[in-house]
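Listed here are the chains, written in short residue letters.
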Amino acid sequence: MNKNLTFGQKMATGYALTVAFAIVISVVAVFALRAVVTAKDRVIAVNAQILIDAERLDSDAERRAASVRGYLLTREEKFAEQLRGARNDFAAALSRLKLSVETDEGRRRLDTLERASTEYRQAADETIVLARSQAKQEAILQYFDQKLVPARDRFEEQIRAFIALQERLLAETKQSATDTANAAIAWLTLLALGAVLFAAVAAIALARALGRQIGTAVGHVQSSSSELQAAATQQASGAKQQANAMNEISTTISELVATSRQIAESAQHVARIAEQT
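All of these numbers come straight from a predicted model, not from anything done at the bench.

Q: Summarise unusual backbone geometry; cite the residues concerned and give the values.
A: Positioned with a positive phi, Arg75 is a non-glycine residue whose angle comes to about 60 degrees. Tracing the backbone through its elements, the reader meets Arg75 in the loop between α1 (7-74) and α2 (77-100).

Following this line, the structure appears as structure tokens:
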């Protein structure tokens, strides 16, 4: 700190810088918290929801396959109704995914999955038409094995690939959010350590400055005291000299008085002698 500053000014500067550190830490904490919340919200609202819809696709695909098998085995129309419901649910989930998927790879997977779904639907419809036309069981089984089963396998493979992609993206997004939180913690820790270090350095500097100022003040006081003591000594010595001078003057006066008396006595004696003669 500048040596020209007073101790009060140094204290004020130290407190101001400490408050500035606290403000910076608060601002960084707010922005870091917002970044972490945004990242976590994205994981929940986007990536997790996409994975949920992908799992619904898989579930709807299973319902479609079960409805086809049920109809081929029983020829009951309730399975045809279940098949239409499963297809509608699948289409709704696919539409939601088209709106929510953001990566190019995800869109390509969806397009491939949709084509596989269309092929499987066509194969299923053709198999159902054969069953309704009272075709021979051998012909139906042959078409089922040669057309429907491979189409269903390709369809399920594309669903599994899309789910695996979304699981990987979800894990990456979660890791990114975790990295953001860790970075925020690291920054806050560094700033807090910096603030503590600055406070310690400022305290030491202020203590040393106070010690120097107190030492200087004590030196001034001691110097002034010595000067006062020397002046007092000089005054005492002068007073003593004055007292000695006064004593000497008093002695001289006494001697003068004695001499005057002697002169007077001698004058009287001379006068008496003169009178006698």
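On we go from here.
Q: Which residues make up helix α3 (residues 104-132), and what values do they have?
A: Relative to the 42 Å expected for 29 residues at 1.5 Å per residue, α3 spans 42 Å between its end C-alpha atoms, a close match to the ideal helical length. For α3, the complete set of buried residues consists of Gly106, Leu110, Leu113, Ala116, Ser117, Tyr120, Ala123, Ala124, Thr127, Ile128 and Ala131. Immediately downstream of α3, the backbone of Gln134 shows phi near 60 degrees, a positive value.

Q: Before we move on, could you go through a nonpolar patch on the surface and cite the residues and values that matter?
A: There is a patch of nonpolar side chains on the surface, built from Val19, Ile23, Val27 and Phe31 and spanning about 370 Å² of accessible area. Note that Ile23 resides in helix α1.

Q: Explain the packing of α2 against α3 residue by residue, including any values.
A: For the pair α2 and α3, the least separation of the axes is 12 Å and the interaxial angle reads 170 degrees. Comparing their axes, α3 and α2 come out roughly antiparallel. For the pair α2 and α3, the contacting residues are Glu77, Ala80, Leu83, Arg87, Phe90, Leu94, Leu97 and Lys98 in the first and Leu110, Leu113, Glu114, Ser117, Arg121, Ala124, Asp125, Ile128 and Arg132 in the second. Classifying every residue of the contact of α2 with α3 by side-chain character gives nine nonpolar, one polar and seven charged.

Q: Any details on empty space enclosed by the protein? Residues and values, ideally.
A: If you walk through the whole model with that rule in mind, you get one cavity of 30 Å³ or more. The computed volume of the largest cavity comes to approximately 40 Å³. As for the largest cavity, its lining consists of Ala65, Val68, Arg69, Tyr120, Phe144, Leu148 and Arg152. Mapped onto the lining of the largest cavity, the elements with two or more residues apiece are α1 and α4 (137-276). Each residue belonging to the lining of the largest cavity can be placed in one class, and the counts come to five nonpolar, no polar and two charged.

Q: Tell me about the side chain of Thr127, and name the residues and values.
A: Positionally, Thr127 belongs in helix α3. Once you skip the residues sitting within four places of it in the chain, Thr127 turns out to touch Leu72, Ile140, Tyr143 and Leu148.

Q: Go over the nonpolar core, please, and point to the residues and values.
A: Counting 35 residues, the largest nonpolar core has Leu113, Leu148 and Phe155 as the members making the most contacts within it. Taken together, the elements giving at least two residues each to this core come down to α1, α2, α3 and α4. The biggest single contributor to this core is α4, with ten residues. Those residues within four positions of Leu113 in sequence are excluded, and the remaining contacts are Leu57, Phe90, Leu94, Phe155, Gln158, Ile159 and Phe162.

Q: Account for the packing of aromatic side chains, with residues named and values stated.
A: Evaluation of the coordinates by the stated rule reveals two aromatic pairs. Relative to Phe155, the ring of Phe90 lies with its centre 5.4 Å away and its plane at 65 degrees, an arrangement referred to as edge-to-face. Taken together, the positions of Phe90 in helix α2 and Phe155 in helix α4 put the pair 65 residues apart, joining distant regions of the chain. With a relative accessible area of 3%, Phe90 lands in the buried category. Residue class for Phe155 comes out buried when judged on its relative accessible area of 1%. Taking 5.6 Å as the distance between ring centres and 20 degrees as the angle between the ring planes, the aromatic pair formed by Tyr120 and Phe155 counts as stacked. Here the residue Tyr120 occupies a position in helix α3, and Phe155 occupies one in helix α4, the gap between them amounting to 35 residues. Tyr120 gets classed as buried once you look at its relative accessible area, which sits at 2%.

What counts, and where the lines are drawn
- Residues numbered from 1 in each chain as written.
- Predicted model: local features only at pLDDT ≥ 70, side-chain atom pairs only at ≥ 80, totals over all residues.
- Heavy atoms only, no water.
- Helix = DSSP H or I, 4+ residues; strand = E, 2+ residues; numbered from the N terminus.
- Expected span 1.5 Å × (residues − 1).
- Buried < 20%, exposed > 50% of the residue type's maximum accessible area, 1.4 Å probe, protein only.
- Patch = residues over 30% accessible without salt bridge, like charges linked within 9 Å, V, L, I, M, F, W, Y side chains within 5 Å.
- Areas by Shrake-Rupley, 256 points an atom, 1.4 Å probe, with all protein chains shown as cover.
- Salt bridge = Lys/Arg side-chain N within 4 Å of Asp/Glu carboxyl O.
- Axes fitted to C-alpha atoms, helices over the stretch in contact; angles between N-to-C directions.
- Parallel < 35°, antiparallel > 145°, perpendicular 65-115°, else oblique.
- Contact = heavy atoms within 4.5 Å.
- Nonpolar A, V, L, I, M, F, W, Y, C, P; charged D, E, K, R; others polar.
- 1 Å grid on protein atoms, 1.4 Å probe; cavity = no way out; pocket = protein on both sides within 12 Å on 5 of 7 lines; lining within 4 Å.
- Points joined across faces, edges and corners; volume = space filled by probe spheres on them.
- Core = buried A, V, L, I, M, F, W, Y, C linked by side-chain atoms within 4.5 Å.
- Phe/Tyr/Trp six-rings, centres within 6.5 Å; stacked < 30°, edge-to-face > 60°.

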